[in-house]
Amino acid sequence: MAPFSHLIPPTSQWCVNLLRPRFSSLSLPTFSNTHHLLKRFTAKPLSLSSNQKFVCFAMDVPGANSIKENGEMPWGVDEATEGEYASQSELLQEFTSISTIDKAWTFKPENGKGVQAMFSISQPNLLANKRRKYILSSHIVKESDGFTSFQWAPFPIEMTGVSTMVPSPSGSKLLVVRNSENESPTQFEIWGASEVEKEFHIPHSVHGSVYSDGWFEGISWNSDETLIAYVAEEPSPSKPTFSGLGYKKRGSAEKDCGSWKGQGDWEEDWGETYAGKRQPALFVININSGEVHGVDGIEKSLSIGQVVWAPSMKGLHQYLVFVGWSSGGRKLGIKYCYNRPCALYAVRAPFHESEANELRPKENVSEDVQVVNLTQSISSAFFPRFSPDGKFLVFLSAKSSVDSGAHSATDSLHRIDWPTDGKPDPSAKIVDVVPVVMCAEDGCFPGLYCSSILGKPWLSDGYTMILSSYWRSTQAIISVHVLSGKLVRISPGDSDFSWNVLALDGDNCVAVCSSPIDVPQIKYGCPDEGSSTVSSWSWADISSSISRCSEKVRTLLSSLQFSVMKIPVRGVTENLSEGARKPIEAIFVSSKSKKSDACDPLIVMLHGGPHSVSVSSFSKSLAFLSSNGYSLLIVNYRGSLGFGEEALQSLPGKVGSQDVSDVLTAIDHTIDMGLADPSKAPDKFVAAAVRNPVCNLALMVGTTDIPDWCFVETCGIEGKSIFTEAPSAEQLKLLHSMSPISHLSKVKTPTLFLLGAQDLRVPVSNGLQYARALKEKGGEVKVIVFPNDVHGIERPQSDFESFLNIGVWFKKYCK
C-alpha cells in the first residue's frame with residue numbers, strides 16, 4: 001500500500017497506477033481548463049521522471065516500421081511492443097477524431113420564424129498539431145404539436161486562424177478576431193449576414209494579441225453596436241538599442257543596420273500558460289471608423305479582464321465594468337487559481353456622443369476619468385453580468401478560496417442594484433444571492449461551483465439565471481432567481497450523466513449531455529407547461545452529426561456500463577467537521593459482461609489540484625482506456641469540488657494522508673463489492689503513469705509559479721500567512737517530509753513519466769529528479785518529455801502520444 005500513497009499527486013496532474021496483479025491506476029491533470037475534464041487546472045501534480053533516454057513515438061515517418069539489418073527495432077522497442085503501439089494507436093485515433101462542442105449561440109431571424117443556432121466545434125488535427133475550429137449552423141423549428149426539431153446545415157465551415165468570435169447583441173453582426181503568431185497586426189473583422197463588412201488591422205504599437213483564454217478574456221459590444229470593448233496585451237515597452245559602437249541614444253541619426261535591440265527590464269507575467277504575454281489592458285474600438293483607444297485612468301498594477309458595458313442612458317456617460325487583479329508586488333500563477341484577490345471596477349468609456357450623434361474620443365481625459373471599485377467589501381468578484389433591464393449587476397465570488405488560500409473552493413453569487421442615474425456607486429450594498437454551502441444534506445444542493453457563465457444567462461423574466469455547476473460527481477444545470485435566491489436543479493436529478501448549458505432560446509435551453517460511456521449529445525430543454533415555477537423541465541433528444549463517432553466506437557461504448565458509488569470514509573473522528581465525515585464518491589466504469597470469473601484489470605484515476613473534481617462527462621482518452629479492456633475507478637476524495645466547503649477545506653494540511661486514505665478506501669470498497677480482484681502480490685499496484693506530478697515540494701516551492709500553494713496544502717490555512725519567498729530550513733524540511741520523494745525507498749512500482757518541458761506550475765525538474773532517484777535505486781522507469789508543452793500536455797500530438805504510451809505501458813504489466 002505504501003507505494004501507492006507516494007504516487008498520488010498532491011495537486012494537479014494525471015497519475016495512473018495499475019493495481020497488482022489486475023489493477024491499474026491513472027490520475028489525470030485536473031486543471032486542463034479546458035478540456036474534457038473540467039476544466040479548472042491548478043497546482044501540484046505528482047511527477048516522477050528519470051535520466052533514462054527520452055522516448056518519442058513518431059507517427060507517419062517514412063521507414064518508421066522498418067527493422068534494421070541486425071534485427072534491432074528502429075527506436076529501441078521489440079517487435080511485439082511495436083505491434084502493440086500500432087494496434088492501440090488505431091483504437092486511440094478512433095476516439096481522438098470525435099469532435100468537441102465548445103460554444104453555441106442563438107439568433108432571432110428577421111422574419112421572426114423559428115430560431116437560428118450556431119455551434120462552435122473543434123477537432124484535433126494531429127498532422128498539423130493544432131485544433132481545427134468549425135462553425136455548424138442549425139434552424140430550430142417548433143412545430144404546432146409542440147415538437148422541436150433542429151434542421152442542420154449540410155456541412156460545417158472551418159474557421160482557420162480565428163482566435164475568438166463574439167456576436168453582437170442583436171445577432172446581426174459577428175466580430176471575428178485573428179491574433180497573429182508573429183509581430184504582424186491583430187485583425188478585427190465585422191461580419192454581416194452575407195459578407196465581411198469591415199476589417200481593421202491593429203498594429204503592435206497600439207496593443208498586442210487580444211486575450212481569448214477564458215480568464216482575462218473579455219469582449220463586449222455596446223447596446224447600439226457601434227463600440228466594442230476588449231482586453232488585449234498592452235503595447236511592448238521600448239527597449240535599448242546597441243550597435244558596434246555601444247549604446248545608441250534615442251533619436252540618433254544612425255541607421256538601424258548593424259544594431260540590435262537589447263532586452264530591457266524583465267517583465268513578470270501571470271505564470272502557467274501566460275509565459276511571455278504582456279499585461280492585459282482595456283481598449284475600445286469604434287467599428288465605424290476603426291479608431292482604437294486605450295482606456296485611461298486605470299492603475300498599471302491592475303490586470304484587466306471580463307469587461308462588459310454598463311447600461312446605456314441617453315445623454316449620460318457610458319461606463320465599462322471589468323474585473324481587476326492587482327499584482328501586489330508579485331504576480332503569482334493565476335491560471336486555475338481562484339484564490340487571487342480581484343474586484344469589479346467601473347470606468348468611463350473613452351468615447352462620447354457629440355451633438356451630431358457621432359462618437360468622438362473624450363477630451364481632457366485626465367480630468368473626468370474616474371475608476372470606481374464596486375466591490376470593496378468582498379475579496380473576490382468576477383464574471384459580471386447585467387440584468388436585461390439594467391437594474392442590477394450580478395457576479396460570482398471565490399471569497400472562500402481567497403480567504404482560505406485553497407486554489408479553488410465553493411463559489412457564492414451576489415447582486416448589486418445599479419443606480420438609476422447610471423453613475424457607479426462604490427458604496428452600493430452587495431446582496432448575497434447564493435451563499436457558500438458549508439455542508440449539504442444528502443441529495444441537496446452542495447454549493448455553487450461554476451467555471452464559466454453564459455454571456456446571456458437570463459430567462460425572459462429578466463430575473464432568472466441559468467448556470468452550470470458541479471454537483472458532487474456530476475455537472476448539473478440550475479436556475480437561480482436573483483431576487484429571491486431560489487435555486488432549482490433543472491437538468492434531470494435522477495441521472496448520473498453530466499449536463500452543461502450552451503445557450504438559451506428565450507425560456508428554452510440548448511445543452512449538451514454526456515457520460516463516461518456516452519458521447520456528448522445536444523439536448524433541448526423546455527419548462528413544463530402549466531408549472532408555476534421553472535422547477536419542472538422536459539428535455540428532448542436532438543439528432544445531430546456533432547460528436548458522431550465510428551461504428552467501432554459505438555460498439556465498444558455500448559458494451560460498457562458506469563455508476564456513481566458512495567463510499568463511507570475511514571478513520572472518522574469527532575474533531576472532523578460534519579462535511580468531512582460524509583461519504584466520498586467514485587465513478588466506476590466497467591464491462592457489462594464478464595468473460596470469465598476474473599475481473600478486468602482496474603485503473604484507478606486520480607484528479608489533481610487537489611481541489612478539482614472528476615465529473616461523469618465523456619472523456620475521449622478515458623473512453624479509450626476503458627474500451628481497451630480495463631475497468632476505471634475515478635475517485636473524488638475529500639477536498640474535491642462539488643461536495644460542500646467543509647469537505648473541501650478538510651484536506652489542506654493533510655495532503656498525502658487524507659486523500660491517500662480515501663483512495664485506498666475506494667479501492668477496498670470496489671474489491672469488497674466483487675468489482676475488482678484482490679491483490680495476490682505483496683504490493684497493491686503493478687504499474688503507474690503520471691503526468692507532470694508533484695514529487696518534491698521543497699524543490700517545487702522555489703521554482704513554481706504558485707509557491708503559496710505549497711505552503712497552504714502542506715500547512716493548511718496557516719500556510720497562507722506564513723508563505724514566504726525565502727523558506728527557512730525548517731519549512732523546507734516540512735515540505736520535503738510531506739512529499740512523495742521522502743518515501744522513495746518504499747516505491748517498487750514501474751512508473752511512466754509524461755512531462756511538459758514548458759510547465760511553470762510543476763516545473764519539469766520536479767519529475768526528473770524523482771525519476772532519476774527512482775532509477776538510481778533500481779526502479780523501472782520510463783520518461784517522455786514533451787519539449788513544447790505546458791502543465792496540461794494538451795497539444796494534439798502530445799496528448800495522443802501521452803495516452804498511447806499509457807495504454808501500452810499498462811498492457812505490458814497487465815498480461
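Residues numbered from 1 in each chain as written. Predicted model: local features only at pLDDT ≥ 70, side-chain atom pairs only at ≥ 80, totals over all residues. Heavy atoms only, no water.

Caption draft 1: Structural detail: the overall build of the chain. Broken down by element type, the chain carries 15 helices and 42 strands. For the chain, buried positions account for 57% of its 815 residues. Taking the contacts inside the chain whose residues are at least 6 apart along the sequence as the reference set, 65% of them involve residues at least 24 apart. (Helix = DSSP H or I, 4+ residues; strand = E, 2+ residues; numbered from the N terminus. Buried < 20%, exposed > 50% of the residue type's maximum accessible area, 1.4 Å probe, protein only. Contact = heavy atoms within 4.5 Å.)

Caption draft 2: How the structure looks around the packing of helix 2 (residues 79-96) against helix 15 (residues 796-813). Contact geometry of helix 2 with helix 15 gives a least axis separation of 9 Å together with a crossing angle of 130 degrees. Judged by the inter-axis angle, helix 2 sits oblique to helix 15. Considering how the two elements wind past one another, helix 2 and helix 15 form a crossing that is right-handed. Taken together, the residues of helix 15 that come into contact with helix 2 (itself represented by Thr81, Glu84, Tyr85, Gln88, Ser89, Leu92, Gln93 and Thr96) are Phe800, Phe803, Leu804, Asn805, Gly807, Val808 and Lys811. Residue composition of the contact of helix 2 with helix 15, grouped by class: six nonpolar, seven polar and two charged. (Axes fitted to C-alpha atoms, helices over the stretch in contact; angles between N-to-C directions. Parallel < 35°, antiparallel > 145°, perpendicular 65-115°, else oblique. Left-handed = near helix turned anticlockwise from the far one by under 90°. Nonpolar A, V, L, I, M, F, W, Y, C, P; charged D, E, K, R; others polar.)

Caption draft 3: Focus on the sheet that holds strand 35 (residues 537-541). The strand order across the open sheet formed by four strands is 32-33-34-35, and the pairing between neighbours is antiparallel. Strands at the two margins of the open sheet, each flanked by one partner only, are strand 32 (498-505) and strand 35. Neighbour to neighbour, the strand axes of the sheet diverge by 30 degrees on average, direction disregarded. One ladder, built from six bridges, connects strand 33 (residues 508-515) with strand 34 (residues 518-527); its direction is antiparallel. Considered in strand 34, the bridge of valine 510 is made with tyrosine 524. (Pairing = 2+ DSSP bridges.)

Caption draft 4: Representation of unusual backbone geometry in the model. Between glycine 609 and proline 610 the backbone carries a cis peptide bond, its omega angle lying at 0 degrees. Despite not being glycine, threonine 273 has its phi angle at roughly 70 degrees, a positive value. Looking at where threonine 273 falls in the secondary structure, it is placed in the loop between strand 16 (259-261) and strand 17 (280-286). For threonine 273, a relative accessible area of 34% translates into the label partly exposed. Although it is not a glycine, phenylalanine 383 sits at a positive phi angle of roughly 50 degrees.

Caption draft 5: Quick look at the side chain of arginine 385. You can see arginine 385 is positioned in strand 25 (residues 382-386). At a separation of 2.9 Å, a polar atom in the side chain of arginine 385 contacts the main-chain carbonyl oxygen of isoleucine 453. Residue contacts for arginine 385: discarding those within four places in its chain leaves Phe392, Leu393, Val394, Ile453, Leu454, Gly455, Pro457 and Trp458. (Polar contact = N/O pair within 3.5 Å; in protein donor to acceptor, adjacent residues only side chain to side chain.)

Caption draft 6: Spotlight on helix 15. Taking 1.5 Å of rise per residue, the 18 residues of helix 15 would be expected to cover 26 Å, and the 26 Å separating its terminal C-alpha atoms lies within 8% of that figure. When you tally the buried positions in helix 15, you get 15 out of 18 residues, the bulk of the element. (Expected span 1.5 Å × (residues − 1).)

Caption draft 7: Quick look at the packing of helix 2 against helix 5 (residues 551-558). Running from N to C, helix 2 and helix 5 point in directions that differ by 95 degrees, and their axes come no closer than 9 Å. By the criterion of interaxial angle, the relationship of helix 2 to helix 5 is roughly perpendicular. When helix 2 is examined against helix 5, the residues Leu91, Glu94 and Phe95 are found in contact with a partner set consisting of Lys552, Val553, Leu556 and Leu557. Considering only residue class, the contact of helix 2 with helix 5 consists of five nonpolar, no polar and two charged.

Caption draft 8: Representation of the pairing of strand 11 (residues 196-202). The pairing of strand 10 (residues 186-191) with strand 11 spans six bridges and is classified as antiparallel. Within strand 11, the residue paired with glutamate 189 across the bridge is glutamate 199.

Caption draft 9: Quick peek at the sheet that holds strand 27 (residues 412-417). Ordered in space as 25-26-27-28, the four strands form an open sheet in which the pairing is antiparallel. The sheet is open, and its two edges are formed by strand 25 and strand 28 (430-434), each paired on a single side. Taken over all neighbouring pairs, the strand axes of this sheet differ in orientation by 25 degrees on average, direction set aside. For strand 25 and strand 26 (residues 392-397), the ladder comprises three bridges, and the chain directions are antiparallel. Looking at strand 26, one finds that arginine 385 is bridged to valine 394.

Caption draft 10: Looking closely at the nonpolar core. Core analysis: the largest hydrophobic core is formed by 68 residues, its most contacted members being Leu282, Leu320, Val321, Leu374, Leu413 and Leu448. If near-sequence neighbours (up to four positions away) are discounted, leucine 413 is found in contact with Val394, Phe395, Leu396, Val431, Asp432, Val433, Val434, Leu448, Met465 and Val480. Counting 43 residues, the second-largest nonpolar core is a separate cluster that includes Leu126, Leu557, Phe562 and Ile784. (Core = buried A, V, L, I, M, F, W, Y, C linked by side-chain atoms within 4.5 Å.)

Caption draft 11: Main features of helix 14 (residues 764-776). Taking 1.5 Å as the rise per residue, helix 14 with 13 residues should run 18 Å; its terminal C-alpha atoms sit 18 Å apart, in good agreement. By the burial criterion, the buried members of helix 14 are Val764, Asn766, Gly767, Leu768, Tyr770, Ala771, Ala773 and Leu774. Looking one or two residues beyond helix 14, the residue adopting positive phi is glycine 778, at roughly 95 degrees.

Caption draft 12: Summary view of the environment of glutamate 267. Among the structural elements, glutamate 267 can be located in the loop between strand 16 and strand 17. Judged by relative accessible area, which is 37%, glutamate 267 ranks as partly exposed. Beyond its immediate stretch of four places on either side in the chain, glutamate 267 contacts Glu234 and Pro237.

Caption draft 13: Focus on the pattern of salt bridges. Applying the stated rule across the entire model yields 23 salt bridges. The partner of lysine 277 in a salt bridge is glutamate 233, and the shortest N-O contact between them spans 3.2 Å. You can see lysine 277 sitting in the loop between strand 16 and strand 17 and its partner glutamate 233 sitting in strand 13 (residues 227-233), a full 44 residues away along the chain. Look at lysine 277 and you get partly exposed, because its relative accessible area is 26%. Of the charged contacts, one joins glutamate 585 and lysine 566 as a salt bridge, the two residues approaching to 2.7 Å between their closest N and O atoms. Of the two residues, glutamate 585 is situated in strand 37 (residues 584-591) and lysine 566 in strand 36 (residues 560-567); the sequence distance between them amounts to 19 residues. If you follow the salt bridges from partner to partner, you end up with Lys108, Lys142 and Asp505 in one network. (Salt bridge = Lys/Arg side-chain N within 4 Å of Asp/Glu carboxyl O.)

Caption draft 14: Region of interest: the packing of aromatic side chains. All told, the structure shown has 28 aromatic pairs when counted by the stated rule. Taking the centre distance of 5.2 Å and the plane angle of 85 degrees together, the rings of phenylalanine 216 and tryptophan 325 count as edge-to-face. Within this pair, whereas phenylalanine 216 is found in the loop between strand 11 and strand 12 (219-221), its partner tryptophan 325 is found in strand 20 (residues 319-326), the two being separated by 109 residues in sequence. Neither phenylalanine 216 nor tryptophan 325 differs from the other in exposure class; each is buried. Through a chain of ring-to-ring contacts, the aromatic side chains of Tyr211, Trp215, Phe216, Trp270, Tyr274, Trp325, Tyr338, Phe382 and Phe383 assemble into a single cluster. Lying across the ring of tyrosine 211, lysine 277 places its NZ or CZ 4.7 Å from the centre. Positioned above the aromatic ring of tryptophan 471 is the side chain of arginine 489, whose terminal nitrogen or guanidinium carbon lies 4.7 Å from the ring centre. (Phe/Tyr/Trp six-rings, centres within 6.5 Å; stacked < 30°, edge-to-face > 60°. Lys NZ or Arg CZ within 6 Å of the ring centre and 35° of its normal.)

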